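Each chain, written out:
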Amino acid sequence: MPAAFADLFDTPLLPGLAAADGFLSEAEEQALIAHIDAQTLEPFRFQGWLGKRLTTSFGWSYDFDRGAFDQADPIPEWLKSVKACAAAFAGLPDDDLVQALLIRYDPGAGIGWHRDRPVFEHVVGVSLGVPATMRFRRRRGAGFERVSAPLAPRSVYHLSGEARHEWEHSIAEMEVTRWSITFRSFSERGRRARDS
Ligand SMILES: O=C(O)CCC(=O)C(=O)O
Ligand SMILES: [Fe+2]
């Protein structure tokens, strides 16, 4: 992974959204995909409802069925170098990224409009396999203001500040399988929940 990345957008599409192409080599991408596929991935569960995307998490896991978060298996060795590079991209200490969420979106799977859970602060994501579009929206008057960000395979993105807190994001249903790895840091609220 190169040590320095040019911002994909000279002027960011949204304050708090940074992204860069060419974060991984094709060999690194293929190795990560093989590792993700070797995990036991489970359909995302939300209040008794089963989503089509398949997930597992390390470090900490957020249980959307119970609305609670718990310690999960430690982040495995094979994720450590990509996590260190993701932290460097986001300008964060590596140790701040306490959660790794693996997702496989098979055809027909996407992720609906949401903001990530408030126990987390920074979100740093890596895209694998095929291009996708991350859509953003926020309420404006009677409607929504909308922005779309292309996520190339092997690219990285960082959500913080306004893009993280004021906008919702989603990914339309995929036609071809895509994988993603997202790393998260705790928010102040998350640290309090962890320590309680
Ligand atoms: O697949 C991605 O890159 C985004 C995933 C996401 O938004 C989430 O897990 O909260
Ligand atoms: Fe998200």
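Residues numbered from 1 in each chain as written. Chains lettered and ligands numbered in written order. Predicted model: local features only at pLDDT ≥ 70, side-chain atom pairs only at ≥ 80, totals over all residues. Heavy atoms only, no water.

The protein chain is annotated in an unreviewed UniProt entry as Alpha-ketoglutarate-dependent dioxygenase AlkB from Sphingomonas natans.

Peer 1: Outline the sheet that holds strand β12 (residues 168-171), supporting the account with residue identities and numerical values.
Peer 2: Read from one edge of the open sheet, four strands run β7-β12-β9-β10, paired in antiparallel fashion. Taken across any chain shown, the strands that pair with only one partner, and hence form the sheet edges, are β7 (111-114) and β10 (143-151). Going across the sheet, the axis of each strand differs from the next one's by a mean of 20°, ignoring polarity. The pairing of strand β9 (residues 132-140) with β10 spans nine bridges and is classified as antiparallel. Looking across to β10, one finds that Met 134 is bridged to Ala 149. (Pairing = 2+ DSSP bridges. Helix = DSSP H or I, 4+ residues; strand = E, 2+ residues; numbered from the N terminus. Axes fitted to C-alpha atoms, helices over the stretch in contact; angles between N-to-C directions.)

Peer 1: Let's hear about the UniProt feature "domain: Fe2OG dioxygenase" (unreviewed entry) in the protein chain: which residues, and what values?
Peer 2: UniProt marks residues 96-187 with the feature "domain: Fe2OG dioxygenase" (unreviewed entry), using the numbering shown here. Along residues 96-187, the helical share is 5% and the strand share 62%, with 10 Å between the first and last C-alpha atoms. (UniProt positions renumbered as here; feature names shortened; annotations may be inferred.)

Peer 1: Requested: an account of the side chain of Arg 178, with residues and values cited.
Peer 2: Mapped onto the fold, Arg 178 is located in strand β13 (residues 178-186). For the buried Arg 178, no salt bridge is present, and the opposite-charge side chain at shortest range is Glu 29, 9.0 Å distant. Among the polar contacts listed, one links the side chain of Arg 178 to the side chain of Ser 127, at a separation of 2.7 Å. Sequence-distant contacts of Arg 178, that is, excluding residues within four places in its chain, are made with Ile 103, Arg 104, Tyr 105, Ser 127, Leu 128, Val 130, Ala 132, Leu 151 and Ile 171. (Buried < 20%, exposed > 50% of the residue type's maximum accessible area, 1.4 Å probe, protein only. Lys, Arg positive; Asp, Glu negative; His and termini not counted. Salt bridge = Lys/Arg side-chain N within 4 Å of Asp/Glu carboxyl O. Polar contact = N/O pair within 3.5 Å; in protein donor to acceptor, adjacent residues only side chain to side chain. Contact = heavy atoms within 4.5 Å.)

Peer 1: Residue-level account of the pairing of β9, with values.
Peer 2: Once β9 ends, the chain turns through two residues before running back antiparallel as β10, passing Gly 141 with a positive phi of about 60°. Relative to β12, β9 runs antiparallel, the two being bridged by four bridges. Paired with Phe 136 across the strands is His 169, a residue of β12.

Peer 1: Tell me about the site of ligand 1, and name the residues and values.
Peer 2: Not every one of the 13 residues close to ligand 1 is listed here, only the nearest: Tyr 105, Asp 116, Tyr 157, Arg 178 and Ser 180. Take Tyr 157: an N or O atom from its side chain is 2.6 Å from an oxygen atom of ligand 1. A distance of 2.9 Å is found between an oxygen atom of ligand 1 and a side-chain nitrogen or oxygen belonging to Arg 178. Starting from 300 Å² of accessible surface for ligand 1 in isolation, the protein chains cover 94%. Going through the elements one at a time, β6 (97-105), β7, β12 and β13 are the ones with two or more residues in the shell around ligand 1. In the shell around ligand 1, the residues fall into seven nonpolar, three polar and three charged. (Near = heavy atom within 4 Å. Areas by Shrake-Rupley, 256 points an atom, 1.4 Å probe, with all protein chains shown as cover. Nonpolar A, V, L, I, M, F, W, Y, C, P; charged D, E, K, R; others polar.)

Peer 1: Hey, could you go over unusual backbone geometry for me, with residue numbers and the actual values?
Peer 2: In this model, Arg 154 sits at a positive phi of 75°, which is unusual for a non-glycine residue. Looking at where Arg 154 falls in the secondary structure, it is placed in the loop between β10 and β11 (156-159). Judged by relative accessible area, Arg 154 falls into the partly exposed class, the value being 22%.

Peer 1: Just give me the short version of the coordination of the iron ion (ligand 2), but keep the residues and values in it.
Peer 2: Octahedral six-donor coordination of a metal ideally yields angles of 90 or 180 degrees, compared with 109.5 degrees for tetrahedral four-donor coordination. Around the iron ion (ligand 2), the protein contributes the donor atoms His 114 (NE2), Asp 116 (OD) and His 169 (NE2), at 2.0 to 2.1 Å from the metal centre. Linear spacing of the donor residues for the iron ion (ligand 2) on their chain is H-x1-D-x52-H. Note on Asp 116: relative accessible area 9%, which makes it buried. (Donors = N, O, S within 2.8 Å, 3.2 Å for Na, K, Ca; no water.)

Peer 1: Provide a residue-level description of the sheet that holds strand β1 (residues 17-20), including the pertinent values.
Peer 2: The strand order β1-β11-β8-β13-β6-β3-β2 describes an open sheet built from seven strands, whose pairing is antiparallel. On the outer flanks of this sheet lie β1 and β2 (42-46), each paired with one strand and no other. Neighbour-to-neighbour, the strand axes of the sheet open up by a mean angle of 30°, direction not taken into account. In terms of strand pairing, β6 meets β13 through eight bridges, oriented antiparallel. What sits directly across from Ile 103, in β13, is Ser 180. The strands that helix α2 (residues 80-90) touches are β1, β6, β8 (120-128), β11 and β13; relative to β11, the one it contacts most, it runs at about 55°.

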